[in-house]
Amino acid sequence: MEPAAEPDEELLTLLDDENVRTILVETREESQSVEALSNCCGADDSTVYRLVDRLQDRNLLIAHQELDPDGHHYKTYSARLERVEIEFTNSGVEIDVDRRELPSDRFTRLYEEFTG
């Protein structure tokens, strides 16, 4: 049995997947449903759900609850990933991930800055 991958290696492996990269690009500006992402990736819904779960686990994708005009709920997803920087050093590979600030976190930060 192989040892568990280091977190940086797991992230590199995840980002190596073409469908993952497509999901991150497609959700960068506008949140998308799994159905729309499946169409963009040319993959079945179950594959996209699995990748969405992995991206959410890494805090690279966030879910939003949407409401259809007929009253049904569904989820859309948007990327939190802003930038990934990979640096090769004498001690190995270092990965720095910049994530977009969540609106709730931005509000809290601004409120705390305002109230001093």
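For clarity, every value in this text was computed on a predicted model and none was experimentally measured. (Residues numbered from 1 in each chain as written. Predicted model: local features only at pLDDT ≥ 70, side-chain atom pairs only at ≥ 80, totals over all residues. Heavy atoms only, no water.)

Caption draft 1: Structural context of a nonpolar patch on the surface. Where nonpolar side chains cluster on the molecular surface, the patch consists of Leu-12, Ile-86, Phe-88 and Val-93 and spans about 370 Å² of accessible area. Among the secondary structure elements, Leu-12 is positioned in helix 1 (residues 7-15). (Patch = residues over 30% accessible without salt bridge, like charges linked within 9 Å, V, L, I, M, F, W, Y side chains within 5 Å. Areas by Shrake-Rupley, 256 points an atom, 1.4 Å probe, with all protein chains shown as cover. Salt bridge = Lys/Arg side-chain N within 4 Å of Asp/Glu carboxyl O. Helix = DSSP H or I, 4+ residues; strand = E, 2+ residues; numbered from the N terminus.)

Caption draft 2: Fine view of the packing of helix 2 (residues 18-26) against helix 4 (residues 45-57). Their axes nearest at 10 Å, the elements helix 2 and helix 4 cross at an angle of 70°. Considering their axes alone, helix 2 and helix 4 lie roughly perpendicular with respect to each other. The residues of helix 4 that touch helix 2, namely those facing Asn-19, Val-20, Ile-23 and Leu-24, are Thr-47, Val-48, Leu-51 and Leu-55. In terms of residue class, the contact of helix 2 with helix 4 is made up of 6 nonpolar, 2 polar and no charged. (Axes fitted to C-alpha atoms, helices over the stretch in contact; angles between N-to-C directions. Parallel < 35°, antiparallel > 145°, perpendicular 65-115°, else oblique. Contact = heavy atoms within 4.5 Å. Nonpolar A, V, L, I, M, F, W, Y, C, P; charged D, E, K, R; others polar.)

Caption draft 3: Broad picture of the pairing of strand 4 (residues 92-99). Pairing of strand 3 (residues 81-89) with strand 4, which is carried by 8 bridges, proceeds in the antiparallel orientation. Across the sheet, residue Ile-86 finds its bridge partner in strand 4, namely Ile-95. In this structure, the hairpin formed by strand 3 and strand 4 is closed by a connection of 2 residues. (Pairing = 2+ DSSP bridges.)

Caption draft 4: Quick look at the pattern of salt bridges. Counted by the stated rule, this structure contains 6 salt bridges. Arg-28 serves as the salt-bridge partner of Glu-29, at 3.9 Å between the closest nitrogen and oxygen. Relative accessible area serves as the criterion here: at 32%, Arg-28 is assigned to the partly exposed category. Between Arg-83 and Glu-85 there is a salt bridge whose closest N-O contact spans 2.8 Å. Since its relative accessible area comes to 37%, Glu-85 is described here as partly exposed. (Buried < 20%, exposed > 50% of the residue type's maximum accessible area, 1.4 Å probe, protein only.)

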